[in-house]
Amino acid sequence: MALLEVKDLEVYYGVIQALKGISFEVNKGEIVTLIGANGAGKTTTMQSIMGLIPAKAGSVTYNGQDITKMPGHKIVHLGMTQVPEGRHVFQELTVYENLIMGAYTQKDQKQVKRDIEEIYTRFPRLGERKNQIAGTLSGGEQQMLAMGRAMMCHPDLLMLDEPSMGLSPLLVDQVFDIIKDYHKQGTTILLVEQNAGKSLAVSDRAYVLENGRIVLSGTGEELLKSDEVKKAYLGG
Amino acid sequence: MDILTTLINGLSQGGVYAMIAIGYTMVYGIAKMLNFAHGDIIMVGGYTLLIFLNMTGNPLIAIAAAIVLCIVLGVVIEKVAYKPLRGASPLAVLITAIGVSYLLQSIAQITQGSNAKMVTFGDMGVLKFGELVIQTKTVVTLISTIVIMVALSIFIKYSKTGRAMIATSEDRAATQLMGINVNKIITITFAIGSALAALAGFFSLLETPQISSTFGAMPGIKAFTAAVIGGIGSIPGAMFGGILLGLIECFTAKVPAIAPYTGAIEFGILIIILLVKPSGILGKKRREKV
Ligand SMILES: Nc1ncnc2c1ncn2[C@@H]1O[C@H](COP(=O)(O)OP(=O)(O)O)[C@@H](O)[C@H]1O
Ligand SMILES: [Mg+2]
C-alpha cells in the first residue's frame, strides 16, 4: 500500500481549473519528484494534499486514511508536513522560536532540545544566529531554517516545494545533500522542482506535470534519459 | 506636584485605553479584521458588573462574572458572525461588525433601559505621599494595568499559544503547517481581547461610575485611535498609543484654553500619523506578498 495516494485530484481557483484530475502515489521510503514548468500546478498539488486548498473532486489517502477534507493542522499530526514554496519562515520570530514552532506537535521537550541542537550542528549558521529575527537571514539561511523547522515534527512524509529556488549553485547542492540525508534517516520525500536534472538524479520515481495533468512518469533514471524531458526541462 | 498628579492620572487613563486597544490590535493582527463591536463588549461587561454587584454586593464576584460573560460573548460573536465571513471582502466583515455593535447596544437598551445607571464600588479614599495627594482608585487602576500588560507580553513572547498567535498573525498557512489549529488561536485571541475589555469596563466605571448603552462607544473609538497611532497589529504599539492618548487627555484638561479641544487634538494626531506614517509609530511595514 502506498503511503500517499492521490487519485483524480481536481482543484479550481474560482472558475479556473488548476488541476485537471491527477493521480500518483508515493511509497514508503521513496523519493518522488513532480517536475513541471512554472504554472503547471505543482504548488497547487502540494497545498491541496496538505489541506490548504480544497479539492473539487478526487481523493487523497495517507497511510490508508482518507484525508481529502481534513484541515491542514490535523494532517500534520498524522506525520506529514511541507516546506512551502518561498520558505515562509516566521519573519518576526527568532531562529530558535521558528524551530520551536516546528515542534508544536511534539510532547517530549527534552527531545525537542536535542533536535534543536542537532539542527544547530547540521547548520552552524543557524546556531550562530539562533537569537536573530528570521527576517534578517539570507535566502539560503531561511531555506535551511524552513527545512530544519519542518523536521522538528519528525514527519514520516516530507514534501518540499522548490527548495532550491533562488539559491546559488553551492547552496542548491547543499539543499539536495540535506534531502538525501533526511531520506537516509527514514523520511519519505515528495519533492517539487523546476530543477529537473538534480531532482531526477536523487529520485526513485518522478512525474511530469503539464497544465494540471500528469503527462509522463517513470523512474528518475528513465525520465533523465527521456527525450521529452531532455527537451522541455533539461535544456536540450 | 500638580504635574505629577496629572501624570499619574494620565498614565492610569492611558492604561485603560491601552487595554482596550490591545483587544482591537490583537484581533486585527490575528483575525485580520476590525472588530468595531469591541467597545460594546466593554458596555456588556459594565452592565454585568452592575447586575452582579446588586445581586451579590461583592465586587470581586461581579468582576469575575463580567470577565466570564465577556469571554463567552466575544467567542460566540466570532463563531456566529465573523467566522462564516472568513475569506469574504473586508467591507462585508466591517459592516457585520458595525451591525453586531448596534445589536449589542439595542439589546442593552431594551433590557436595561435607556437612562444611565450608577455603578458604585464604594469610596476607596485617597493616598498621600507628602504633598502628593492621589485617588486610591487611580493607583489601583495604574498598577493593575501595568501588571496585566506585562503578564500579557510575557504570555505572548514565551508561551506556546502566544507564539502561535504571533505566527498566525504573520502567516496563516505556514502556521497550519506547524500543526497549529488557526481557528482555535483566533478563538483564544477573541477570548483574551474580551477579557481585557471586561476589565477595562471595570476600571472605567471606577473612574466614572455611570453606565448606559453607549458606554463603550467613546472608549472604543479612543482605543481604536490609539491602536492605529501605535501601529495596528502591534501590541507594544497599542500600549504606547493608549498611554499617549491618556496623557494628552489629562494634560489638555488642565489647560482651560485647550481643554475643549482634547478630542480634536487626539484625532488630529491620528490624521497626521495616517498621513506621515500609515503603519503607525511602532507598526512595521508589512512586506507585500508577490
Ligand atoms: N491563488 C491563485 N488564484 C488563482 N490562480 C492561481 C492561484 N495560484 C495558482 N494559480 C494558477 O494555477 C495554476 C497552477 O499554479 P501553481 O500550482 O502555483 O503552479 P506551479 O507551482 O507549478 O508553478 C497556474 O495557472 C496559476 O496561475
Ligand atoms: Mg509553485
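Analysis parameters
- Residues numbered from 1 in each chain as written.
- Chains lettered and ligands numbered in written order.
- Predicted model: local features only at pLDDT ≥ 70, side-chain atom pairs only at ≥ 80, totals over all residues.
- Heavy atoms only, no water.
- Pairing = 2+ DSSP bridges.
- Helix = DSSP H or I, 4+ residues; strand = E, 2+ residues; numbered from the N terminus.
- Axes fitted to C-alpha atoms, helices over the stretch in contact; angles between N-to-C directions.
- Contact = heavy atoms within 4.5 Å.
- Donors = N, O, S within 2.8 Å, 3.2 Å for Na, K, Ca; no water.
- Buried < 20%, exposed > 50% of the residue type's maximum accessible area, 1.4 Å probe, protein only.
- Buried area = accessible area lost by both parts, 1.4 Å probe.
- Salt bridge = Lys/Arg side-chain N within 4 Å of Asp/Glu carboxyl O.
- Polar contact = N/O pair within 3.5 Å; in protein donor to acceptor, adjacent residues only side chain to side chain.
- Nonpolar A, V, L, I, M, F, W, Y, C, P; charged D, E, K, R; others polar.
- Near = heavy atom within 4 Å.
- Areas by Shrake-Rupley, 256 points an atom, 1.4 Å probe, with all protein chains shown as cover.

### Comments concerning the sheet that holds strand β10 (residues 213-219) of chain A
Residue and element names in this part refer to chain A.
- Pairing in this open sheet of six strands is mixed, and the strands run β6-β7-β8-β3-β9-β10 from one edge to the other. Looking at the sheet topology across the chains shown, the edges are occupied by β6 (80-83) and β10. Along the sheet, successive strands turn relative to each other by an average axial angle of 15°, direction set aside.
- Across five bridges, the pairing between strand β7 (residues 157-161) and strand β8 (residues 188-193) is parallel. Among the inter-strand pairings, leucine 160 is bridged to a residue of β8, identified as leucine 191.
- Running over the sheet, helix α6 (residues 139-151) touches β6 and β7 and is turned about 175° from β6.
- Each of β3 (31-35), β7 and β8 is contacted by helix α7 (residues 169-184), which is oriented at about 155° to β8, the strand it contacts most.

### Digging into the coordination of the magnesium ion (ligand 2)
All names here are of chain A.
- Every protein donor of the magnesium ion (ligand 2) is accounted for by Thr43 (OG1) and Glu85 (OE), and the metal-donor separations fall at 2.0 to 2.1 Å. Residue threonine 43 is found in helix α1 (residues 42-49), and its partner glutamate 85 is found in the loop between β6 and α3 (95-102); the two are separated by 42 residues along the sequence.
- The class of threonine 43 is partly exposed, set by a relative accessible area of 23%.
- On the accessibility criterion, glutamate 85 (30% relative accessible area) is partly exposed.

### Here's the deal with the pairing of β3 of chain A
Residues and elements named next belong to chain A.
- With five of five residues buried, β3 lies mostly within the body of the structure.
- Burial along β3 is two-sided: Ile31, Thr33 and Ile35 facing one way and Val32 and Leu34 facing the other are all buried.
- The sheet contact formed by β3 and β8 spans five bridges and is parallel. The residue bridging isoleucine 31 from the neighbouring strand is isoleucine 189, located in β8.
- Pairing of β3 with strand β9 (residues 205-210), which is carried by four bridges, proceeds in the parallel orientation. For isoleucine 35, the partnering residue across the bridge sits in β9 and is valine 208.

### Topic: the interface of chain A and chain B
- Between chain A and chain B, the contact holds 24 residues from the first and 22 residues from the second.
- Both sides of the chain A and chain B interface together cover about 2100 Å² of buried area, and 61% of this is carbon and sulfur.
- Seen at the junction of chain A and chain B, the total is two salt bridges.
- The shortest N-O distance in the salt bridge between arginine 163 of chain B and glutamate 97 of chain A comes to 3.9 Å.
- At the boundary of chain A with chain B, the tally comes to seven residue pairs in polar contact (both at pLDDT 80 or more).
- At the level of elements, α2 (72-77), β6 and α3 of chain A are the ones that each hand at least two residues to the side of chain A that touches chain B.
- Grouping the constituent residues of the side of chain A that touches chain B by class yields eleven nonpolar, ten polar and three charged.

### Some details on the site of ligand 1
Residues and elements named next belong to chain A.
- Contacts to ligand 1 come from Tyr13, Ala18, Ala37, Asn38, Gly39, Ala40, Gly41, Lys42, Thr43 and Thr44.
- Contact between ligand 1 and tyrosine 13: a nitrogen atom at 3.5 Å from a side-chain N or O atom of the residue.
- Contact with the protein chains removes 59% of the 560 Å² of surface that ligand 1 exposes when unbound.
- If one sorts the elements of the shell around ligand 1 by residue count, α1 sits on top with three residues.
- Its residues assigned to classes, the shell around ligand 1 comprises four nonpolar, five polar and one charged.

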